[in-house]
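A closer look at the structure
Here's the letter readout for the chains.
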Amino acid sequence: MPEASSNANRLLRLRMDDSAPHQHQSIAFMLLYALAVAGGTMAYVPFLTILLPSRIAALAGPADVQWLGLLTFAGAVAASIGGIVFGWLSDITNSRRGWILSGLAVTVALLLAVPLAEDVWTLVSIIIVWQLALNMVLGPLAAWGGDLVPDDQKGLLGGLLAFAPALGAWSGALVTLPMLETFESRLFALALLVVAAVTPATVFARPRRLEMLRRAPPPDSDEPIGTASKGPAVRMWVARFLVQISEAALFAYLYFWFRSIDPEMGDNEKARLFSLALTIAIPIALYCGRWSDRKDRPFFPLVISSAISAVGMLGMALASSADLAKLAYLLFGIATTVFLALHAGQTLRILPRSDRRGRDLGFFNLTNTLPSLIMPLLTILVVPGFGFEALFLVLAALTVLATLILTTIQRPNPARS
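Now for a description of the structure that goes with this document. (Residues numbered from 1 in each chain as written. Predicted model: local features only at pLDDT ≥ 70, side-chain atom pairs only at ≥ 80, totals over all residues. Heavy atoms only, no water.)

**Comments concerning the overall build of the chain**
Within the chain one finds 13 helices and zero strands. For the chain, restricting intrachain contacts to residue pairs at least 6 apart in sequence, the fraction spanning at least 24 positions comes to 84%. Of the roughly 18800 Å² that the chain leaves accessible, carbon and sulfur atoms contribute 67%. (Helix = DSSP H or I, 4+ residues; strand = E, 2+ residues; numbered from the N terminus. Contact = heavy atoms within 4.5 Å. Areas by Shrake-Rupley, 256 points an atom, 1.4 Å probe, with all protein chains shown as cover.)

**Notes on the nonpolar core**
In this structure, Phe47, Met316, Phe392 and Leu395 are the most contacted members of the largest nonpolar core, which totals 114 residues. Broken down by element, the residue count for this core peaks at 16 residues, all from helix α13 (residues 357-406). Ignoring sequence-local partners within four residues, the contact set of Met316 consists of Leu250, Trp257, Ala325, Ala328, Tyr329, Phe332 and Phe392. (Core = buried A, V, L, I, M, F, W, Y, C linked by side-chain atoms within 4.5 Å. Buried < 20%, exposed > 50% of the residue type's maximum accessible area, 1.4 Å probe, protein only.)

**Structural notes on the environment of Gly168**
Turning to its location among the elements, Gly168 is positioned in helix α7 (residues 163-175). A residue is classified by how much of its surface remains accessible, and Gly168, at 0% relative accessible area, is buried. As a C-alpha pair, Gly168 and Gly39 span 129 residues in sequence and 7.8 Å in three-dimensional space. Apart from the residues lying within four places of it in its own chain, the contact partners of Gly168 are Thr41, Met42, Val45 and Pro46.

**Some details on the packing of helix α11 (residues 300-318) against helix α12 (residues 322-350)**
Viewed as axis vectors pointing N to C, α11 and α12 meet at an angle of 155°, and their least axial separation amounts to 8 Å. In this view, α11 runs roughly antiparallel relative to α12, as classed from their interaxial angle. Crossing hand, α11 versus α12: left-handed. Each of Pro301, Leu302, Ser305, Ser306, Ile308, Ser309, Val311, Gly312, Met313, Gly315 and Met316 in α11 lies in contact with α12, whose residues at this interface are Ala325, Ala328, Tyr329, Leu331, Phe332, Ala335, Thr336, Val338, Phe339, Leu342, His343 and Gln346. (Axes fitted to C-alpha atoms, helices over the stretch in contact; angles between N-to-C directions. Parallel < 35°, antiparallel > 145°, perpendicular 65-115°, else oblique. Left-handed = near helix turned anticlockwise from the far one by under 90°.)

**Regarding the pattern of salt bridges**
One pass over the full model with this rule turns up six salt bridges. The closest approach of N and O atoms between Arg96 and Asp147, which form a salt bridge, is 2.7 Å. Here the residue Arg96 occupies a position in the loop between α3 (64-92) and α4 (97-113), and Asp147 occupies one in helix α5 (residues 120-148), the gap between them amounting to 51 residues. Look at Arg96 and you get buried, because its relative accessible area is 7%. Salt bridges here are not isolated pairs; linked through shared partners, they connect Asp91, Arg96, Asp147 and Arg357. (Salt bridge = Lys/Arg side-chain N within 4 Å of Asp/Glu carboxyl O.)

**As for α4**
The terminal C-alpha atoms of α4 lie 24 Å apart, and with 17 residues this matches the ideal 24 Å at 1.5 Å per residue to within 8%. Every buried residue belonging to α4 is among Ile100, Gly103, Leu104, Thr107, Val108, Leu110, Leu111 and Ala113, and all of these are buried. At its buried positions, α4 is contacted by α2 (27-60), α5 and α8 (183-204). (Expected span 1.5 Å × (residues − 1).)

By themselves these figures say nothing about function.
Spelled out as structure tokens, the structure:
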């Protein structure tokens, strides 16, 4: 009898050990998922910052800046609509992969169709539809992470998402290698990179299905991003929006600011500083994300990184030399990249309804698109009369406000995962 009892106990322990890991998502899938998200970033960073401007210059001539502004505005509107609509459609059809793969096919096809545009209006039409297709990928893909990654791994997930902006920047270097001489060959190389990044997770991976992440929603959680202004989702939205205004301003005007502080600074050094900030942020985001999981303090790294981002922006405004300004930019760039990556992971924690993740994340996507519409107006109002220093002081104040908002967020009820 003692031997039978011992065997029964061993069998029970084996069953418990086997079931325990299934409360977590596999690290292998999380790596592939982060690569897929990076694939979405690869699809637009080199295209919008390098390839598309060159095509506009060829078609529009002296009016290229005006047309680029129109394309940026129209693209941001299309991305805002697409993120909400396709996230919501993936909710009601209960299918993420189907929408992701369909969007990937259309995105790649439209990328390859860009050289066929022989006038600017045709190019504008292609870009608007391309933005919708890209968000057919990005919206359901973001929600898929919430479907599959439990709360106590969301910090790690956010850390892994820090690879996305870095891979986006590195992909720009790859598609502009001298061996890719033509515009068409560069677009084809970019399309291959995107497909290679997105398909492993969406076609070949077999993630664990965690039923605890699909619990029936509470009956009183009917609003898209929180039931009241005091809800954590609303505050997370506002905080990211404020930080993203700063990030969008630097993304658009970094070249001109560097030129103003150091006229001798070459394009290669600018690109290296930008890539260095994104690369250094990766291990920091991974460490902070894993720390927040272990300590069950999901929002603390967000508070610290946003505060450091504000310090970096303040340093850029007050720097007395080019070297100090560059160091301040590195501090800002690293902290902001860490913040945005970890915020993306923790946002999945505070959404009120698991059956509306796609739609709700579409509303959160507005924090990425609306700053692109607000930032040009803010820059035009401040920079001509007061310079970049005044702009950076305003942006630092917005980031400090984001930090203060984040300090008011309490850890949400785990039952709402």
